[in-house]
Amino acid sequence: MPKSRTLFGRPGETDIVTVDRALAEFRAARPVLLSDGQSLALALSAELADAGFAARLDALAGGNARLVLSAARLRRLGAKNRAETGVLAMPALDLARIETLALKIEARVDAPVGPASALDNAALELARLTLVLPAVILVPVTASQVADEPLIKVEIAALNGYRAAQVATLSIVGRAPVPLEGAPDTEFVVFRGGEGLRDQVAIIVGKPDLSAAVPVRLHSACLTGDLFGSLKCDCGDQLRETVEWMAQNEGGILLYLDQEGRGNGISNKMRAYKLQSQGWDTYDADEVLGFDLDQRHFDFAAAMLKQLGVSRITALTNNPLKVGAIKAAGLEVAATQRVLGRPNVHNVRYLASKRDRAGHFIDMDALMARAAPKD
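Attention here is on the structure that accompanies the text. (Residues numbered from 1 in each chain as written. Predicted model: local features only at pLDDT ≥ 70, side-chain atom pairs only at ≥ 80, totals over all residues. Heavy atoms only, no water.)

**Here's the deal with the overall build of the protein**
Selection criterion: Strands here are runs of E lasting at least two residues and helices are runs of H or I lasting at least four, both read from the DSSP assignment and numbered beginning at the N terminus. Our radius of gyration looks at C-alpha atoms and nothing else; its globule reference is 2.2 Å times the residue count to the power 0.38. Each residue gets one of three labels from its accessible area relative to the maximum for its type: buried under 20%, exposed over 50%, partly exposed in between, using a 1.4 Å probe on protein chains only. Only heavy atoms enter the contact rule, under which two residues are in contact if any of them lie within 4.5 Å. Values of accessible area rely on a 1.4 Å probe in the Shrake-Rupley scheme; residue burial ignores everything except the protein chains shown.
When helices and strands are counted, the protein shows 16 helices and 14 strands. The C-alpha atoms of the protein give a radius of gyration of 22 Å, which matches the 21 Å a tight globule of 375 residues would have. Taken over the C-alpha atoms alone, the protein extends approximately 70 × 55 × 30 Å along its principal axes. Here the protein holds 375 residues, and the buried ones make up 51% of them. Sequence separation of 24 or more characterises 66% of the internal contacts of the protein that already satisfy a separation of 6 or more. With an accessible surface of roughly 17300 Å², the protein has 55% of that area assigned to carbon and sulfur atoms.

**Quick word on the packing of aromatic side chains**
The criterion, for reference: Each Phe, Tyr or Trp ring, with Trp reduced to its six-membered ring, pairs with another whose centre is within 6.5 Å; inter-plane angles below 30 degrees give stacked pairs, above 60 give edge-to-face pairs, and intermediate values give tilted ones. Look at NZ for Lys and CZ for Arg. If either is within 6 Å of the ring centre and within 35 degrees of the ring normal, a charge sits over the ring.
This model, assessed by the stated rule, comprises zero aromatic pairs. Geometry around Tyr-273 places Lys-232 over its ring, the cationic atom sitting 4.8 Å from the centre.

**What to know about the sheet that holds strand E3 (residues 65-69)**
As a reminder, the rule being used: We call two strands paired when DSSP finds no fewer than two bridges between them.
Taken in spatial order, the seven strands line up as E5-E4-E3-E6-E2-E1-E7 in an open sheet, and their pairing is mixed. Of all the strands in the sheet, the pair left with one neighbour each is strand E5 (114-115) and strand E7 (153-155). Here E3 runs beside strand E6 (residues 135-141); their pairing, made up of four bridges, is antiparallel. In the strand pairing of E6, Leu-69 is matched with Ala-135.

**Digging into the pattern of salt bridges**
The condition is simple: For salt bridges, the criterion is a side-chain nitrogen of Lys or Arg within 4 Å of an Asp or Glu carboxyl oxygen.
With the rule as written, the count across this model stands at 22 salt bridges. In this structure, the salt-bridge partner of Asp-237 is Arg-342, at a minimum N-O distance of 2.8 Å. Taken together, the positions of Asp-237 in helix H9 (residues 235-248) and Arg-342 in the loop between strand E14 (332-337) and helix H15 (348-358) put the pair 105 residues apart, joining distant regions of the chain. Among the ionic pairs, Arg-312 bridges to Glu-332, the shortest N-O distance being 3.3 Å. Within this pair, whereas Arg-312 is found in strand E13 (residues 312-316), its partner Glu-332 is found in strand E14, the two being separated by 20 residues in sequence. Residue classification places Arg-312 among the partly exposed positions, given a relative accessible area of 33%.

**A few points about helix H13 (residues 299-307)**
Regarding H13, the residues found buried are Phe-300, Ala-301, Ala-302, Ala-303, Met-304 and Leu-305. Gly-309 sits one or two residues past H13 and shows a positive phi near 90°.

**Section: the sheet that holds E13**
Put simply, the rule reads: Angles shown run from 0 to 180 degrees and are taken between the N-to-C directions of axes, each axis being a line fitted to C-alpha atoms and, for helices, limited to the stretch in contact.
Taking strand neighbours across the sheet as the criterion, the seven strands line up as E8-E9-E10-E12-E11-E13-E14 in an open arrangement whose pairing is mixed. Of all the strands in the sheet, the pair left with one neighbour each is strand E8 (171-177) and E14. Direction aside, the axes of adjacent strands within the sheet are offset by 25° on average. In this structure, E8 lies alongside strand E9 (residues 186-195), joined through six bridges in antiparallel fashion.

**Quick notes on the pairing of E14**
When E13 meets E14, the two strands line up parallel, connected through five bridges. From the neighbouring strand, Arg-312 faces E14, where its bridge partner is Glu-332.

**Some details on the environment of Gly-78**
Relative to the assigned elements, Gly-78 resides in the loop between helix H3 (71-76) and strand E4 (86-90). Gly-78 gets classed as partly exposed once you look at its relative accessible area, which sits at 45%. C-alpha of Gly-78 to C-alpha of Ser-45: the two residues are 33 residues apart in sequence and 22 Å apart in space.

**Re empty space enclosed by the protein**
For clarity, the threshold we go by: Definitions used throughout: a 1 Å grid over protein atoms alone; a cavity as a set of points that fits a 1.4 Å probe which cannot get out; a pocket as an open set with protein on both sides within 12 Å along at least five of seven lines; a lining residue as one with an atom within 4 Å of a point. Grid points are joined across faces, edges and corners, and a volume is the space filled by probe spheres set on the points. Gly is put with the polar residues, along with every residue not named as nonpolar or charged; the nonpolar set is Ala, Val, Leu, Ile, Met, Phe, Trp, Tyr, Cys and Pro, and the charged set is Asp, Glu, Lys and Arg.
Summed over all chains, the structure comprises two cavities of 30 Å³ or more. Considering only enclosed or pocket space, the largest cavity measures out at about 40 Å³ in volume. If you go around the largest cavity, the residues you meet are Val-216, Arg-217, Leu-218, Ile-313, Ala-315, Leu-316, Thr-317, Lys-322 and Ile-326. Elements represented by at least two residues in the lining of the largest cavity include exactly strand E11 (214-220), E13 and helix H14 (320-328). The class makeup of the residues in the lining of the largest cavity is six nonpolar, one polar and two charged.

By themselves, these observations are geometric and do not establish any function.
Take a look at the structure:
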């Protein structure tokens, strides 16, 4: 990809701008042209595909289209122990078949699963970045077939390197004091970059000593729990009680990260909630939709902390994944501290699943004692 200055761009940003445009096109249910050297393919979200686009792509495909599915979804379709992305041949682009394979609970693999190419894996990364289901229709094409089409073309190297490139552009775009109930000495710092077209926020409570281990919580946004007090999770409790604790104990920093539904997005989170209401475990529900245990990335969170002058932290979390990610990004984790929510009949299975299946440090006995009525 070219790196030189363009008329309306800054040096080195060509790849990011192209991927930004590709994300917008893909999320708007329009095909994106992926390029891997001389190999070209049109990628269209299986979730968003309509009959008109499917018919036009089918005419181009000549029977060579394929459906790209994540390893998690393939396992749910009956491909046991599948650990890698796979593809199913689509001799005809049958939207009913595609919907069944991509989304239906009772669906099973109906054809041999082929190995994924670099183009296939890049197509799934496109889906993940746009927060749609990880299921993509891919149609190999030649340059002459699409020469007159108004398509966004993106090199897969640019797509695969997009997250890291976004971290490198992370910058503070606004900050202001925002007094909170129970924590009046609080500042909000807004960052742009890190996760696609979304902004991220650091909430600095009090005046933490940056020369010491700063209490830090990485908190992924939870619309249902944080804002509406959902009883299905402990997120709202963790958010508010962390801020209150920081206000009472020398301050700290809470990073409020736009990673709804463990990085799956709000629409997929609601799909998972629907499955949970039918008896599915939280992680099994995500796997039905094609997601692994956790889709989140925390390298940009570490970059936010570094820009705030933080190099050493006490991690307020129950999640070992966050601790490992912060260490891998070059920050020292001096200690960890548990963050307890309140168990109830709606979330106790969810909390136990986080402990048993994702390794969260959750002491259920301590939680239940905390929830017990006081004399």
